[in-house]
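Results of the structural survey
Chain by chain, the residues run as shown.
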Amino acid sequence: MTGKSRILPALGFVGALLLTSNSIGQDELPRAEELNLLFGHANDINSLALSLDGARMVTASNDRTARIWDLTTGESILVLSGHQNAVTDVAFSADGTRVVTSSRDGSARIWDATTAVELFAISVVGPNGRAQILNRAAFSPDGSLIVTASFDRTARLWDIATGEEVAVLVGHSNLVWDAVFSPDGSQLVTVSYDNTARLWDVASGEEIAVLNHDSLVSTAAFSPDGTRLITGSADQTARIWDAATGAELVVLNGHIGEVRSVAFSSDGSRIVTASNDQSARVWDAETGEVIVVLEGHKQDVTEAVFSPDGTLVATASDDSTGRIWSAATGEPLAALTGHLEPVVGIAFTADGTRVVTVSTDGTGSIWRVR
């Protein structure tokens, strides 16, 4: 993280997007209005999560803390302190009452999201007795379970009421990078550096299918109706799978770098992918055909997400910027500039009028985009 100060320009209004007079060099792309600059972390921010009502955000940092922010005021309202190493991931429960954090210290901690009181901690210890780095943690949709993804090649399910481990999902031969519940919570997909994703039945802990790529798998997402899932890989492809059987349905070819993130539109008809080839792409989720290519970033695109209504795409990049695009035409509409280091997380608020970015420069920003 850099210690440089960020300077905000004067604001103006242009059309449907609120913009400043700044542009990105020769691109002449207008700058979206920065509503709030979020200061508080003392080191890199690694990830973000928004509450379902869009009122709050939680961030994970290398400073060993997580912070909860008010997205109306931009104020840091709670600090979650207790981890002994970097906090790698964060998530709200669906009802917004709890937060889970994962850490390189080998623990996940569950917190009261209104008081910052730690409710309990769970730890993953390897056969050698050493704590295992946790890459991800998430609540099941009904809030009854937590899943953790770990360097020890496993994912684990934990009972939120007791803190007890209820299942160890064994099968991967390399670290498990992420774990994602299906919308109804009945299934789980894990992604690994062993070139596979694996589909699991949550109730039994049994493996349903192995989803093969030709290189490490870095990301996965279920469709909104839970019938399909998509995976992204360093083999430069994304692949759509039948969630009931694990059968491969469509291969999305076109990127020339690792696919870093994947997401369905809210109606499940389109997919957006982000890649190390400095682009994002919008695809037809049925045919696998490319609809538009989003080009303009100068370094790897680390994340791409649809707005809730599916009309916009927001991208985050290692070039220290975010961008807003038309999902239909691929036209770049606004730049989110001001971060001094890579933008590692981006999300729309629930009403689609604002976007939040976080960066390894230790700051976040709230932007008005409508």
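Residues numbered from 1 in each chain as written. Predicted model: local features only at pLDDT ≥ 70, side-chain atom pairs only at ≥ 80, totals over all residues. Heavy atoms only, no water.

**Remarks on the overall build of the protein chain**
Stated formally: Secondary structure elements follow DSSP: runs of H or I no shorter than four residues count as helices, runs of E no shorter than two count as strands, and numbering proceeds from the N terminus. Atoms counted for the radius of gyration: C-alpha only. Globule rule: 2.2 Å times the number of residues to the power 0.38. Any pair of residues with heavy atoms lying within 4.5 Å of one another is described as a contacting pair. Here the Shrake-Rupley method, with its probe set to 1.4 Å, supplies the accessible areas, and only the displayed protein chains count as covering residues.
Looking only at helices and strands, the protein chain features zero helices and 34 strands. Whereas a compact globule of 370 residues would reach a radius of gyration of roughly 21 Å, the protein chain reaches 20 Å, a difference of no more than 12%. Its C-alpha atoms give the protein chain principal-axis dimensions of roughly 55 × 45 × 30 Å. Contacts in the protein chain between residues at least 24 apart in sequence constitute 42% of all its contacts with a sequence separation of at least 6. Summing over all exposed atoms, the protein chain offers an accessible surface of approximately 14,100 Å²; the carbon and sulfur share of this is 47%.

**Re the pairing of strand β22 (residues 238–242)**
The following threshold applies: Throughout this description, buried means an accessible area under 20% of the type-specific maximum (1.4 Å probe, protein chains only), exposed means over 50%, and partly exposed covers the range between. For two strands to be treated as a pair, DSSP must find no fewer than two bridges joining them.
Where burial is concerned, most of β22 is hidden: four out of the five residues are buried. Relative to β22, strand β21 (residues 228–233) is paired through five bridges, and the arrangement is antiparallel. Looking at the pairing, T231 lines up with R239 of β22. Connecting the antiparallel pair β21 and β22 is a turn made up of four residues, with Q236 showing a positive phi of about 75°. Hairpin geometry of β22 and strand β23 (residues 248–252) is characterised by an intervening segment of five residues between the two adjacent antiparallel strands and by a positive phi of about 85° at G246.

**A word on the pairing of strand β9 (residues 98–103)**
A large share of β9 lies buried, amounting to six of its six residues. Across five bridges, the pairing between strand β8 (residues 87–92) and β9 is antiparallel. Bridge pairing in β9 places V87 opposite S103. What sits between β8 and β9 in their antiparallel hairpin is a turn of five residues, with G96 showing a positive phi close to 75°. As judged from the five bridges shared by β9 and strand β10 (residues 107–112), these two strands associate in the antiparallel manner. In the strand pairing of β10, S102 is matched with A108. Where β9 folds back onto β10 in an antiparallel hairpin, the turn is made up of three residues, including G106, whose phi is positive at roughly 90°.

**Overview of the sheet that holds strand β20 (residues 217–222)**
Put simply, the test is: Structural elements are reduced to axes, namely lines fitted to C-alpha atoms, with helices fitted over the stretch in contact, and the angle between N-to-C directions of any two is expressed from 0 to 180 degrees.
The four strands lie next to each other as β20-β21-β22-β23, forming an open sheet whose pairing is antiparallel. Each edge of the open sheet carries a strand with a single partner, namely β20 and β23. Neighbouring strand axes in the sheet, compared pairwise and without regard to direction, differ in orientation by 20° on average. Here β22 runs beside β23; their pairing, made up of four bridges, is antiparallel. Counted as the bridge partner of I240 is V250 from β23.

**Some points on the confidence of the model for the protein chain**
Inclusion rule: Residue-level confidence of the predictor, termed pLDDT, takes values from 0 up to 100.
For the protein chain, the average pLDDT comes to 93, and 93% of its residues sit at 70 or higher. In the predicted structure, residues 1–26 sits below a pLDDT of 50 and forms 67 contacts with residues beyond four places in sequence or in another chain.

**A look at the side chain of T231**
The condition that has to hold: Think of a polar contact as two N or O atoms within 3.5 Å of one another; within protein, one of them needs to be a possible hydrogen donor and the other a possible acceptor, and neighboring residues in sequence only count if both atoms come from side chains.
When you line up the elements, T231 lands in strand β21. Under the relative-accessibility criterion, T231 is labelled buried at 0%. Side-chain polar atoms of T231 contact the side chain of W241, separated by 2.8 Å. Setting aside anything within four residues of it in sequence, one finds T231 in contact with A197, H213, V217, T219, A220, T237, A238, R239, W241 and V262.

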